[in-house]
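Structure assessment
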Amino acid sequence: MGENKLKSILARIDGKGYKAYKEIGGEYRIGNFSLMIDYVQGDPFASPSLIRIRVNQDIAGFPHHLFDTKTRRVGFQDFITRQIGASISKLAKGNRGTGKSGLIAIDRCGQEILERTSVVVNRQYIEARLSIGLPAAGRRVLGYHAAEMLLDEIPAIVNSALIYDSIDKDSLERQVYLVEDQEFLRAKLDEIGIVSFVANGSVLPRESGISQRPLRGKGVVPFVSPRSLEVTINLPNRGPITGMGIPKGITLIVGGGYHGKSTLLRAIERGVYKHIEGDGREFVITSKDAVKIRAEDGRMVSKVNISPFINNLPNGEDTVGFTTMNASGSTSQAANIIEAVEVGAKVLLLDEDTSATNFMIRDGRMQKLVSREKEPITPFIDRVKQMYNDLGISTVLVVGGSGDYFDVADNVIMLDNYISVDVTRKAKEIAAEKVYRRREDIPGEFGSITERKLLPESHRGNSAKIKVKGIDTILYDRTEIDLSLLEQLVDFSQTSAIGNILGYMGKYIDGKRTLREVLERILKDIDEYGLDVISPFKGHPGDMALPRIYEIAGTLNRMRNARFSQG
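**Structural notes on the overall build of the chain**
Across its full length, the chain carries 14 helices and 29 strands. In terms of overall dimensions, the chain is globule-like: its C-alpha atoms have a radius of gyration of 26 Å, near the 24 Å expected for 567 residues. Each principal axis of the C-alpha distribution contributes one length, and for the chain these read about 90 × 50 × 35 Å. Looking at the chain as a whole, 56% of its 567 residues are labelled buried. Considering only intrachain contacts with a sequence separation of at least 6, the fraction spanning at least 24 residues in the chain is 73%. Of the roughly 24,200 Å² that the chain leaves accessible, carbon and sulfur atoms contribute 48%.

**Observations concerning the packing of helix H13 (residues 515–529) against helix H14 (residues 549–557)**
In contact at an axis separation of 11 Å, H13 and H14 are set at 130° when each is read in the N-to-C sense. What the angle tells us is that H13 and H14 run oblique. The interaxial crossing formed by H13 with H14 has right-handed handedness. Of H14, the residues touching H13 (which contributes Leu515, Leu519, Glu520 and Leu523) are Ile549, Ile552, Ala553, Leu556 and Asn557. Per-class residue counts for the contact of H13 with H14 are seven nonpolar, one polar and one charged.

**Some details on the sheet that holds strand S22 (residues 394–398)**
Within the open sheet, the six strands sit side by side as S18-S21-S22-S15-S23-S24. Their pairing is mixed. Two strands bound the open sheet, and with one partner strand each, they are strand S18 (290–293) and strand S24 (419–422). Averaged over all adjacent pairs, the angle separating strand axes in this sheet is 20°, with direction ignored. Strand direction decides the pairing type here: strand S15 (residues 250–254) and strand S23 (residues 411–416), joined by four bridges, are parallel. Residue pairing in the sheet places Val254 in a bridge with Met414 of S23. Each of S15, S18, strand S21 (347–351), S22 and S23 is contacted by helix H6 (residues 261–270), which is oriented at about 150° to S21, the strand it contacts most. Against the sheet, helix H7 (residues 329–342) contacts S18 and S21, and its axis sits at roughly 170° relative to S18.

Cut-offs and rules
- Residues numbered from 1 in each chain as written.
- Predicted model: local features only at pLDDT ≥ 70, side-chain atom pairs only at ≥ 80, totals over all residues.
- Heavy atoms only, no water.
- Helix = DSSP H or I, 4+ residues; strand = E, 2+ residues; numbered from the N terminus.
- Rg over C-alpha atoms; globule rule 2.2 N^0.38 Å.
- Buried < 20%, exposed > 50% of the residue type's maximum accessible area, 1.4 Å probe, protein only.
- Contact = heavy atoms within 4.5 Å.
- Areas by Shrake-Rupley, 256 points an atom, 1.4 Å probe, with all protein chains shown as cover.
- Axes fitted to C-alpha atoms, helices over the stretch in contact; angles between N-to-C directions.
- Parallel < 35°, antiparallel > 145°, perpendicular 65-115°, else oblique.
- Left-handed = near helix turned anticlockwise from the far one by under 90°.
- Nonpolar A, V, L, I, M, F, W, Y, C, P; charged D, E, K, R; others polar.
- Pairing = 2+ DSSP bridges.

The structure is reproduced here in structure tokens:
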């Protein structure tokens, strides 16, 4: 169908009831692009209609080398998504009626560069997926206003953002090469024996507690690595870059209050993602298998073997297959560690401020007062070295009040007015002083991680109603899943993807595969077929961004109707 057909339909249904818009579904050729109207909303106050815009590459003209690898393609698609968003702000008139009338939108990007469903590019075409609010007066069709949106504003957006000659070519190329450098550096971490890299000159503080934009102004102190921890890596596009390499093992970040300890840790935990130019953390690059761990009072736990940390509870409660609907600070933190390692975590990131004190440390005086046989908790300090030696799991830990961790640390970095100093030698000298010290209290080997199987009854089939209520909440039928303390879940569209995974995962849950095997199969499908594969919709799949295995597992571990077995 052509432009005139769409125009005539909109003229004919003008003034009719809103459901008359259903007639416009389908594909149209409009000027230099194809418009595919995949879903038409039934009410001006309902979720917006979904459209796709496709431009053939012989018209769009984007050079193939800008998207010829997956890494480059992610950077390319993110850039075009942002370009479309900017063009919408400039060219679309916006609200013109009731409800969502006049809305034109594309998935909103933050400081991170994520694989998304918003734009698809290949050698044949480039396609953008948009949401639109078809205009109405009350619940009556405003056909001529809809024609203005679809036949005037959308073509203008296409010509502004989906044609190579119309965009800032240098900025596009810089982002593609930036993303390539970031992933090259990430791939180098393991090879050179570090878990995170923080480039000299990075700007780590954010402008506020609710913003991820960089703090600006005269008082901002750019990061500079201690000389003893400096490493230089030669990147394929940028060339050599120098910064702090945090070695594998146990690293403490210490210092006085408000001197930048937690700021550095937050940058490291966000370093599992790529960042846009100008963010300040473009080259804060962390192992993809780094997971932030904290206490989480009140969360559910199902069949997790927390016995390496907690045993011999006074009520005889089982800690090998620990299950509760209301975990304490210490049991929740133990479970969070075991669950992360279960699906592949190799680096644990902890902050003393968000940890359970009795889980982290039992000092010498307390050891003397409360005997070992009366204390069910083996604190993290007594397991952290063992986890590295036996399982290869490194830890980066912010501490401000427990010098006992000097005994087990391999490296100690002090933040002094946002200046980083390697104080490892001094910390070890203090640890060696002949004062009253705690004794190492390890009851035995850490042991292997007990893997769990996700049982079929955890999945309610296609009849389950799954609704994403924001970045922190998913409703699975009537069960609310609280994700607010999954601190590395950074984008609403990641949560949307997890919601779709909860529906898609049924094909792999057979009671035989482990949780990790199920999730790896799903992520393999996504890698092979794209994020569209997990969507229940044809055409426009909805706004999604790729989550990590750790946040998907974290969702399932907090789903109160999920059922697990061991062995």
